[in-house]
Amino acid sequence: MSIKVAPAPWQLTGQGYLMVVHLPQDFLDNQSFIEPHLQASRKGHLAYVAFADYQQSDVGPYHELLYVGGQLKIGQKHHYSISKIYVSTQDSIDNGQANWGIPKEKAYFAVDYGQDKQDHIKVTTETGEVIANLHFSHHLLPFPVNTRLAPKALRTLAQEWQGQRFYFPLEAQGHVKPALLTQSFFDQRYFPDLNQGRVLACFKVTDFSLVFPVPKTQAV
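Residues numbered from 1 in each chain as written. Predicted model: local features only at pLDDT ≥ 70, side-chain atom pairs only at ≥ 80, totals over all residues. Heavy atoms only, no water.

**Student:** Can you lay out the side chain of Gln-71 for me, pointing to particular residues and giving the numbers?
**Tutor:** Here Gln-71 is to be found in strand S3 (residues 62-74). Setting aside its immediate chain neighbours within four residues, Gln-71 contacts Ser-41, Arg-42, Lys-43, His-78, His-79 and Tyr-80. (Helix = DSSP H or I, 4+ residues; strand = E, 2+ residues; numbered from the N terminus. Contact = heavy atoms within 4.5 Å.)

**Student:** How would you sum up helix H3 (residues 90-100)? Please name residues and give values.
**Tutor:** The buried fraction of H3 amounts to eight of the eleven residues, a majority that puts the element mostly inside the structure. Immediately downstream of H3, the backbone of Gly-101 shows phi near 70 degrees, a positive value. (Buried < 20%, exposed > 50% of the residue type's maximum accessible area, 1.4 Å probe, protein only.)

**Student:** Talk me through unusual backbone geometry; I want residue IDs and the actual numbers.
**Tutor:** In this structure, the amide linkage connecting Ala-8 to the following residue, Pro-9, adopts the cis form with an omega of 5 degrees. Examined against the element boundaries, Pro-9 turns out to sit in the segment before strand S1 (10-22). Not every positive phi belongs to a glycine, and Lys-117 is a case in point at roughly 60 degrees. Along the polypeptide, Lys-117 turns up in the loop between strand S6 (108-113) and strand S7 (118-124).

**Student:** Could you give an account of the layout of surface pockets, with specific residues and numbers?
**Tutor:** The volume enclosed by the largest pocket comes to roughly 1200 Å³. Residue contributions to the lining of the largest pocket peak at eight residues, all from S1. Split into classes, the residues belonging to the lining of the largest pocket amount to 33 nonpolar, six polar and three charged. The computed volume of the second largest pocket comes to approximately 350 Å³. Within the residue set of the lining of the second largest pocket, elements represented by two or more residues are S3, strand S4 (77-87), strand S11 (164-169) and strand S14 (216-219). Partitioning the lining of the second largest pocket into residue classes produces six nonpolar, seven polar and three charged. (1 Å grid on protein atoms, 1.4 Å probe; cavity = no way out; pocket = protein on both sides within 12 Å on 5 of 7 lines; lining within 4 Å. Points joined across faces, edges and corners; volume = space filled by probe spheres on them. Nonpolar A, V, L, I, M, F, W, Y, C, P; charged D, E, K, R; others polar.)

**Student:** Residues and numbers for the packing of aromatic side chains, please.
**Tutor:** For the structure on display, the rule yields eleven aromatic pairs. Here Trp-10 and Trp-100 contribute two aromatic rings whose centre-to-centre distance is 5.0 Å and whose plane-to-plane angle is 85 degrees, an arrangement assigned as edge-to-face. Separated by 90 residues along the polypeptide, Trp-10 in strand S1 and Trp-100 in helix H3 bring together distant segments of the chain. You'll find Trp-10 and Trp-100 in the same group, each marked buried. Note on Tyr-17 and Phe-136: the rings are 3.8 Å apart at their centroids and 10 degrees apart in plane angle, and the pair reads as stacked. Of this pair, Tyr-17 sits in strand S1 while Phe-136 sits in strand S8 (residues 130-138); the two residues are 119 residues apart in sequence, bridging distant segments of the chain. Exposure remark for Tyr-17: the relative accessible area of 2% places this residue in the buried category. (Phe/Tyr/Trp six-rings, centres within 6.5 Å; stacked < 30°, edge-to-face > 60°.)

**Student:** Could you give an account of the environment of Tyr-67, naming the residues involved and the relevant values?
**Tutor:** Relative to the helices and strands, Tyr-67 is located in strand S3. Relative accessible area serves as the criterion here: at 0%, Tyr-67 is assigned to the buried category. When the C-alpha positions of Tyr-67 and Ile-85 are compared, they lie 6.3 Å apart, and in sequence the two are 18 residues distant. Within polar-contact distance, the side chain of Tyr-67 engages the side chain of Ser-32 at 2.8 Å. (Polar contact = N/O pair within 3.5 Å; in protein donor to acceptor, adjacent residues only side chain to side chain.)

**Student:** An account of the pairing of strand S10 (residues 156-161) is requested, with residue identities and associated values reported.
**Tutor:** Within S10, five of the six residues are buried, which leaves it mostly tucked inside the rest of the structure. For S10 and S11, the ladder comprises six bridges, and the chain directions are antiparallel. Note that in S11 the partner of Thr-156 across the bridge is Pro-169. Here S10 folds back onto S11 in antiparallel fashion, the turn holding two residues, of which Gln-162 has a positive phi close to 50 degrees. (Pairing = 2+ DSSP bridges.)

Below, the structure written as structure tokens:
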């Protein structure tokens, strides 16, 4: 099967969840799936986790679960960086790695949006082992958000991949509402075990429009 080549920029729309998690410092330093040569540079007291249901993208619909364990020194400055990420399609993997150096891996997603404001997301390996099992509830009314209101430095991600550094500021807008992670399981062999900490904030993103721009790149 041929892989679709889809260079940056990408425009994506969909829905999903965002979480801010407080985890022990030792956990963040040593269990965040950070590359060894970057591990000592990690800073920050929080982790950020996102599930995205991309209903439209430059490589078609796909699902995604990602983890950012703080900031890493990539180049001369510290930047937020994705250290663990699973997606549901090979097109997303190959283009995400080539365009932005994002270390995407393949997984299977079972997503159930319940009629009673209860959502269930199950992520498994290609051999059927459970990576994560997430149950959410959401309530209240959504309110608008726009990342253009945030400083560019706070929304710029940096990645190192195969001898290259990639820097790219994200642009997103949409609507979010408060949510709760009511039940969860993580296999720490595949994804950081968020149950070792405490979820400080959780939001259901009811709709979003997201731009992944052409990155700035430099050799390592």
